[in-house]
Amino acid sequence: AERWDRTYALNLRPVLACTHAALEHMRAERRGSVVSIASIAAFGEPRQSDYGAAKAGVISLTRSLAREFGRYGIRVNAVAPGLVPPADVGALGAHSLWRDAQFSDDQVEAIRRQTPLGRLTTPRDVANAVLFLASEVSGRQITGQVLSVSGGYA
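Rules and cut-offs
- Residues numbered from 1 in each chain as written.
- Predicted model: local features only at pLDDT ≥ 70, side-chain atom pairs only at ≥ 80, totals over all residues.
- Heavy atoms only, no water.
- Pairing = 2+ DSSP bridges.
- Helix = DSSP H or I, 4+ residues; strand = E, 2+ residues; numbered from the N terminus.
- Axes fitted to C-alpha atoms, helices over the stretch in contact; angles between N-to-C directions.
- Salt bridge = Lys/Arg side-chain N within 4 Å of Asp/Glu carboxyl O.
- Buried < 20%, exposed > 50% of the residue type's maximum accessible area, 1.4 Å probe, protein only.

K.L.:
What exactly am I supposed to notice about the sheet that holds strand β1 (residues 32-37) here?
P.N.:
Paired through backbone hydrogen bonds, the strands of a sheet run either parallel or antiparallel to each other. Pairing within the open sheet is parallel, and its three strands lie in the order β1-β2-β3. Looking at the sheet topology across the chains shown, the edges are occupied by β1 and β3 (146-149). Taking each pair of neighbouring strands and ignoring which way they run, the sheet shows an average axis angle of 25°. Bridging between strand β2 (residues 74-81) and β3 involves four bridges; their strand directions are parallel. Among the inter-strand pairings, Ala80 is bridged to a residue of β3, identified as Ser148.

Here it is in structure tokens:
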């Protein structure tokens, strides 16, 4: 229970808090775009069940808020990245899945081989997807969606 509480505190509650604060301003303006970061772990990846459940909560929150705030012209979407190896494990926070070496080099390579595009997700890949969903380029009709950025893995 302690681990689940910590995982939810790190991966779901901050999304709710930040989104709630932003939505109040967006509602007053009657426009805006929220893009949250979920994970392909939410789709049942063999990672930690607590992390996947917290990220599934981000997806559920995204879809619910899209329906609740659409009438104010606010779009709410999420990006679900695939495995994003860190450039520098030493620069990670104490609660990172990578910190405790929960992904071995062999596991990372196996995921890369199983990915249809043959490469892992990079931070730039995720940033570009967020930029697309947040921008007017994505159109006024995209809301309540989850964009998997996983090279076809998920």
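K.L.:
Explanation requested: the pattern of salt bridges in the structure shown.
P.N.:
As enumerated under the stated definition, the model contains four salt bridges in all. Arg112 is the partner of Glu109 in a salt bridge, and the nearest nitrogen-oxygen pair spans 2.5 Å. Here Arg112 and Glu109 lie together in helix α4 (residues 105-114), a separation of three residues that amounts to about one turn. Taking the relative accessible area as the measure of exposure, Glu109 reaches 29% and is therefore partly exposed. A relative accessible area of 29% places Arg112 in the partly exposed class. Note that Glu109 is salt-bridged to Arg113, the shortest N-O span being 3.8 Å. Taken together, the positions of Glu109 and Arg113, both in helix α4 and four residues apart, correspond to about one turn of that helix. Among the ionic contacts, a cluster of salt bridges with common partners joins Glu109, Arg112 and Arg113.

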